Structure formats: structure tokens, C-alpha cells
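# Commentary on secondary and tertiary structure
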Amino acid sequence: QVQLVESGGGLVQAGGSLRLSCAASGRTFSSATMRWFRQTPGKEREFVALIVWADGSSYYKDSVKGRFTISRDNAKNTVYLQMNSLKPEDTAVYYCNAHGLGPDYWGQGTQVTVSS
């Protein structure tokens with residue numbers, strides 16, 4: 001059974017940093033593309049960043065480029081999202097997603113709140 005468990009969210013002041021973690025289990029993820037999305041009430045879930053597990057290549061939403069960094073730890077089967085220079089508009093529930101394994105898998109989400 002595939003499980004994605006996010007952690008690391010919280011309340012931070014603008015300009016601060018948080019690191020989100022997504023612990024993946026239940027199968028091998030070496031062929032997956034791991035993605036972070038975020039969602040605010042009343043809006044659609046939006047893409048934030050992705051990493052190709054096999055080679056570590058990454059891609060970012062324009063508004064987070066230079067501030068967010070996605071990475072993975074093969075030994076821990078964990079994907080990270082390092083978020084620096086946070087802005088109030090980054091406030092959202094952040095979700096981890098595993099893509100390319102058949103069905104998409106999602107975590108339960110972790111709340112990030114950035115105060116001004």
C-alpha cells in the first residue's frame with residue numbers, strides 16, 4: 001500500500017523558511033516523478049515543483065524559482081521542499097504527489113501559513 005506522509009508545515013513570518021518532507025513507502029519510487037502542489041480555499045490545487053526520482057532533475061513554478069528547492073534522499077525514500085524567503089501568498093496546504101506509477105498518489109497535506 002503506497003503511502004505519502006507530509007510533515008514540516010507550520011506558521012512562519014514573511015521572509016522565513018520551512019522545510020517540508022514527504023516520506024514515501026509501499027513500493028519503489030525510482031521510476032516516479034515526485035511533485036509538490038499547494039491549495040488555498042476556493043482555488044484549484046496548483047503545481048509548485050517536481051523532481052524526477054531517477055536523475056534528480058527538477059522544475060519549478062515561476063513564482064517560487066530561486067526561493068524553493070526540491071530534493072530527494074534515496075536512502076530515506078523522502079522528498080523535501082526547502083522554502084526560503086517565504087511570502088504571505090505562499091500560504092496554503094501543501095501536498096506531495098507521486099506520478100508515473102499508474103494512478104497518482106497523494107499525501108494528506110501539511111498547512112503552511114506565512115504571516116506578514
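Above this text sits the structure in question.
Residues numbered from 1 in each chain as written. Predicted model: local features only at pLDDT ≥ 70, side-chain atom pairs only at ≥ 80, totals over all residues. Heavy atoms only, no water.

For the rest of this paragraph, the subject is the nonpolar core. Counting residues in hydrophobic clusters, the biggest one holds 30 residues, and the most contacted among them are Phe29, Met34, Trp36, Leu81, Met83 and Tyr94. Every element with two or more residues in this core is listed here: strand 3 (18-25), strand 4 (33-39), strand 5 (46-52), strand 7 (68-73), strand 8 (78-83), strand 9 (92-99) and strand 11 (110-115). In contact with methionine 83, not counting residues within four places along its chain, are Gly16, Ser17, Leu18, Leu20, Arg67, Phe68, Tyr94 and Val112. (Core = buried A, V, L, I, M, F, W, Y, C linked by side-chain atoms within 4.5 Å. Buried < 20%, exposed > 50% of the residue type's maximum accessible area, 1.4 Å probe, protein only. Helix = DSSP H or I, 4+ residues; strand = E, 2+ residues; numbered from the N terminus. Contact = heavy atoms within 4.5 Å.)

The topology assignment puts threonine 78 in strand 8. Here threonine 78 falls in the buried class, since its relative accessible area comes to 8%. Among the polar contacts listed, one links the side chain of threonine 78 to the backbone oxygen of lysine 76, at a separation of 2.9 Å. (Polar contact = N/O pair within 3.5 Å; in protein donor to acceptor, adjacent residues only side chain to side chain.)

Glancing now at the pattern of salt bridges. Applying the stated criterion across every chain yields a total of six salt bridges. The salt bridge involving arginine 38 is made with aspartate 90; its shortest N-O contact spans 3.0 Å. Note that arginine 38 is positioned in strand 4 and aspartate 90 in the loop between strand 8 and strand 9, a separation of 52 residues in sequence. With a relative accessible area of 6%, arginine 38 lands in the buried category. Assessed through its relative accessible area of 1%, aspartate 90 is described here as buried. Residue arginine 67 pairs with aspartate 90 through a salt bridge whose shortest N-O separation is 2.7 Å. (Salt bridge = Lys/Arg side-chain N within 4 Å of Asp/Glu carboxyl O.)

Our next topic: the side chain of glutamate 6. For glutamate 6, the location among the structural elements is in strand 1 (residues 3-7). In this structure glutamate 6 is buried but unpaired, with arginine 45 as the nearest side chain of opposite charge at 7.3 Å. There is a polar contact of 2.9 Å between the side chain of glutamate 6 and the backbone nitrogen of glutamine 108. For glutamate 6, the side chain forms a polar contact with the main-chain nitrogen of glycine 109, separated by 2.8 Å. In this structure, glutamate 6 is in contact with Ser21, Cys22, Trp36, Tyr94, Tyr95, Cys96, Gly107, Gln108, Gly109 and Thr110, ignoring residues within four places of it in sequence. (Lys, Arg positive; Asp, Glu negative; His and termini not counted.)

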